[in-house]
Amino acid sequence: MNVQVPNLDSPRDFQGNPVTPGLPIAMLAEVTHRCPLSCPYCSNPLELVRGQAELSAAEWADVFRQAAALGVLQVHVSGGEPASRRDLTQIVAAARDAGLYVNLITSGLGLTLARLRELDEAGVDHVQLSLQGVGRDMADRIGGLSGSWDRKMQVARWVGEIGFPLTLNAVVHLQNMESLPEMIDLALDMGARRIEVATVQFHGWADLNRRALMPTREQAVFARKVVNEARERLRGRMVIDYVPADHHAQFPKACMGGWGSTGLNVTPDGTVLPCHAAQTIPQLQFDNVRDRALGDIWTNGTAFNAFRGTAWMPEPCASCDRKTVDFGGCRCQAMAIAGDPAVTDPVCSLSPLNADLHAQLDADAAAAAPDDLTYRRMGKQS
Ligand code: SF4
Ligand code: FES
């Protein structure tokens, strides 16, 4: 399919006025793609970056300084599993030296009490611990590693002992949605201040696993109910963030708060992306911090400008009141479903592709194959 993306050197709004990019607030720093787990919904690309190509700690320090100068306030140090880097403490210390708030996103695998204490000293402000499921069977099966549940629970205890503010990041899908109430209870038991209940986003690895992971409509309704009740019950005790299954919603989410508007992502080899899945859009070209200054990439990079503003939007978004609310939905989802990143997100009920999508969802549900999991691994091409 010969699909073009809007290539606006100077993005514009509907009146034709140039749009000036705002300042990014947050940066996702994927310091490595290496990981002892192999979750089948991993948000890393199918083509993973190998260890030899990773930015060094000194290069990351430079990226953090540039990010802070650009306006970034917080860095999410992620992966893969960031603890797979032996120099993680050095990387964290560099982020702190640059004046950034440091959130460590981890599965817990590879962390010891001693390492956590070093990371505390180095400047980790907050820990976000991923949850693959409740209990050994589900967590180890989805993470693809026997023993991972026990190790994660040990890390959670250490995190509490040190006193890091904690968010539990529960990824939900067809196979574990029923245990959402237990996930919320677990977060409470751990002393988490927040739980993020995030439905799997279906691009990259997760898209390969749609028939095994796509939640049903009934599950989406169930999750909404559980979240609403828990929010009421736990008001003032724990915050519950919820990323719904937007395939079953009326309107899409405002992915990234709008393309190139508030956040950016730097991959292990220094490639700078407007969102973590942007490399699923083959028409985009990405810059690298090894070749170009971060601020220049943010302001002038063609990938960042491709979907800024509103002039690029097709109908029905073009004449829709919500175009500055959800920005036409998720570009990567449009790519995954329609094969065209520049169309209205097909999960939107107003999209001309929405009926086809729902027919496909019904077909996928009828052919659901929970055991047919393609686990993330190095070297997977398709
Ligand atoms: Fe959002 Fe476009 Fe759907 Fe309107 S038509 S709700 S702007 S995705
Ligand atoms: Fe890329 Fe939504 S994940 S725009």
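Residues numbered from 1 in each chain as written. Chains lettered and ligands numbered in written order. Predicted model: local features only at pLDDT ≥ 70, side-chain atom pairs only at ≥ 80, totals over all residues.

Q: Explain the nonpolar core residue by residue, including any values.
A: Phe-64, Val-75, Val-77, Val-92 and Ala-95 are the most contacted members of the largest nonpolar core, which totals 101 residues. In contact with Phe-64, other than residues within four places in its own chain, are Val-75, Ala-94, Ala-95, Ala-98 and Leu-100. (Core = buried A, V, L, I, M, F, W, Y, C linked by C-beta atoms within 7 Å. Buried ≥ 20, exposed ≤ 12 C-beta atoms within 10 Å, placed from the backbone. Contact = placed C-beta atoms within 7 Å.)

Q: How would you summarise helix H12 (residues 331–338) if you had to cite specific residues and measurements?
A: For H12, the tally of buried residues reaches 8 of 8 residues, placing the bulk of the element in the interior. For H12, the complete set of buried residues consists of Arg-331, Cys-332, Gln-333, Ala-334, Met-335, Ala-336, Ile-337 and Ala-338. Those residues of H12 that are buried lie in contact with helix H7 (205–208) and helix H13 (354–366). Downstream of H12 by a residue or two, Gly-339 has a phi angle that is positive, lying close to 75°. (Helix = DSSP H or I, 4+ residues; strand = E, 2+ residues; numbered from the N terminus.)

Q: Help me get a handle on the site of ligand 1, residues and values and all.
A: Among the 14 residues in the neighbourhood of ligand 1, the closest are listed as Cys-317, Cys-320, Arg-322, Cys-348 and Leu-350. Split by residue class, the shell around ligand 1 holds 7 nonpolar, 3 polar and 4 charged. (Near = placed C-beta within 6 Å. Nonpolar A, V, L, I, M, F, W, Y, C, P; charged D, E, K, R; others polar.)

Q: Got a sec to walk through helix H5 (residues 148–162)? Specific residues and values, please.
A: In an α-helix, one turn spans 3.6 residues; hence positions three or four apart end up facing the same way. The terminal C-alpha atoms of H5 lie 21 Å apart, and with 15 residues this matches the ideal 21 Å at 1.5 Å per residue to within 8%. Of all the residues in H5, the buried ones are Ser-148, Trp-149, Lys-152, Val-155, Ala-156 and Val-159. Down the axis of H5, the smallest arc covering the buried residues is 120°, so these residues share one side. Exposed positions of H5 whose direction lies more than 90 degrees from the buried face are Asp-150, Arg-157 and Glu-161. If you follow the buried residues of H5, they end up packed against helix H3 (113–122), strand S4 (126–131), helix H4 (136–143), strand S5 (166–172) and helix H6 (180–190). (Expected span 1.5 Å × (residues − 1). Arc of directions from axis to C-beta.)

Q: Quick rundown of the packing of helix H2 (residues 88–97) against H3? Include the residues and the values.
A: Look at H2 against H3: their axes get within 8 Å of each other, and the N-to-C directions meet at 20°. Relative to H3, the element H2 is oriented roughly parallel. Judged by the sense of rotation from one axis to the other, the crossing of H2 with H3 is right-handed. Mapping the contact onto sequence places Leu-88, Thr-89, Val-92, Ala-93 and Arg-96 in H2 and Glu-118, Leu-119 and Ala-122 in H3. (Axes fitted to C-alpha atoms, helices over the stretch in contact; angles between N-to-C directions. Parallel < 35°, antiparallel > 145°, perpendicular 65-115°, else oblique. Left-handed = near helix turned anticlockwise from the far one by under 90°.)

Q: Which residues make up the environment of Asp-340, and what are the values?
A: Tracing the backbone through its elements, the reader meets Asp-340 in the loop between H12 and H13. Given 19 C-beta atoms within a 10 Å radius, Asp-340 is considered partly exposed. The spatial distance from the C-alpha of Asp-340 to the C-alpha of Trp-60 is 33 Å, given a sequence separation of 280 residues.

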